[in-house]
Amino acid sequence: MGLFDFFKKKPTKTIAVEILYPSSWENGMPPVKVVAIEILQPTPGKAVDIALPKVDTLETETETETETETETETETENASEKLDTGLKKTKKTWSERWNAFMANFRSVDEDFFDDLEETLIGADVGAQTAMQLTDELRDEVKLQNAKSKQDVSKVIVDKLVDLYRSQGVNEDASMHFAPEGPTVILLVGVNGVGKTTTIGKLSAYYKNAGKKVVLAAADTFRAGATEQLVAWGERNDIPVVTGSSKADPASVVFDGVKTAIDTQADILFVDTAGRLQNNVNLMQELSKMKRIITRELPNEPQEVLLTLDATTGQNAVQQAKLFKDSTDVTGIVLTKLDGTAKGGIILPIRNELHLPVKWVGLGEKVTDIQPFEANDFAKSLFGSLLTESK
């Protein structure tokens, strides 16, 4: 081959290409079309531009934008709608019990009020509160001189709504924050009530409100508790102070307080071990944590929130009584309201224990927690009954 033979254009070769489409063949034979294809040879020092087909991504982008908008709309669902959804089972139970009770109405006598008391107990308001309510309702019915089924129903339901609302008149359901420095919030309660999940939700709530938040994983007894809180921290992009497995919980609290001070955090949430109120060692451990917090921050903790599982009904009320006797509980977080028909326990908690319900958990999403408002709760719980009694 000569010196310049390499740069000479090579002869064009042709190949036969079988066309599979269209699928309709004439005479039952597939068409064969001869296509001339030039075989390109590499040329030293030169690059060959290859035009790639453009991919239309408009539809995909539009779908992604639509999904994002849908998620945003869901997350921004207003508080009353979330409350209505979360109380769906409780409202259904109240409505069914009330309709069954009024279906047997004959006259306003002692048998009627005995049945009313049983109905209230069945709605998880507790025996003590049910007796008190029945006495007040008896007086109210007489005062209003209600005789007919419709009038009696309206008087009683209106009174129930007023009682739910009035319980919070002198109740401090607000969250308290330190005037300067970190605010420390402890969450206590038995295992399985949702303490760690509640911390995850509350930390996201306050971070979205512009607060700088730190978490302390002081539940070193339960397997996986630290990992669960760390997962929440990663999800919400919030730092988590941890210790080794079976480490002294008080040491984790100390490190958490130091971290909150050094990083100028606004809020430190402390996850504590699930403890039974009659477990002396664990209750002493809780006191030790509080002493360490007070030593570093004299005015803390501002809040000790007792987490209760609404699905346990009257057991939750008993837990609250015993915890109140054992430690300085400042408020209640009532979780899992969406999964139970026992939302009526809010009334005995507030009526018998005089403990404010400060937060309610209404689902599994991080945004499914909101401050408790007695007025909104009463309207949501009895809304359908108020309509029916008109």
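Fair warning: this is a prediction, and the values are worked out from it, not measured in the lab. (Residues numbered from 1 in each chain as written. Predicted model: local features only at pLDDT ≥ 70, side-chain atom pairs only at ≥ 80, totals over all residues. Heavy atoms only, no water.)

Caption draft 1: Main features of the pattern of salt bridges. Going through the model one piece at a time under the given rule, you end up with 13 salt bridges. Close ionic contact of aspartate 84 with lysine 91 constitutes a salt bridge, the shortest N to O distance being 3.8 Å. A relative accessible area of 34% means that aspartate 84 is categorised as partly exposed. We note a salt bridge from lysine 358 to glutamate 303, for which the minimum N-O separation is 2.9 Å. Of this pair, lysine 358 sits in strand β9 (residues 357-361) while glutamate 303 sits in strand β7 (residues 303-309), and the two are 55 residues apart along the sequence. Since its relative accessible area comes to 2%, lysine 358 is described here as buried. A relative accessible area of 0% places glutamate 303 in the buried class. Among the charged side chains, a salt-bridge network with shared partners connects Glu110, Asp135 and Arg138. (Salt bridge = Lys/Arg side-chain N within 4 Å of Asp/Glu carboxyl O. Buried < 20%, exposed > 50% of the residue type's maximum accessible area, 1.4 Å probe, protein only. Helix = DSSP H or I, 4+ residues; strand = E, 2+ residues; numbered from the N terminus.)

Caption draft 2: Fine view of the pairing of β9. A large share of β9 lies buried, amounting to 5 of its 5 residues. Here 3 bridges tie strand β8 (residues 331-335) to β9, and the two strands are oriented parallel to one another. Looking across to β9, one finds that isoleucine 332 is bridged to valine 357. Of the crossover connections in this fold, the one passing from β8 over helix α12 (residues 346-352) to the parallel β9 is right-handed. Note: β9 against strand β10 (residues 369-371), 3 bridges, orientation antiparallel. Residue glycine 361 lies in a different strand from β10, and its bridge partner there is isoleucine 369. (Pairing = 2+ DSSP bridges. Right-handed = clockwise from strand over helix to strand, strands pointing away.)

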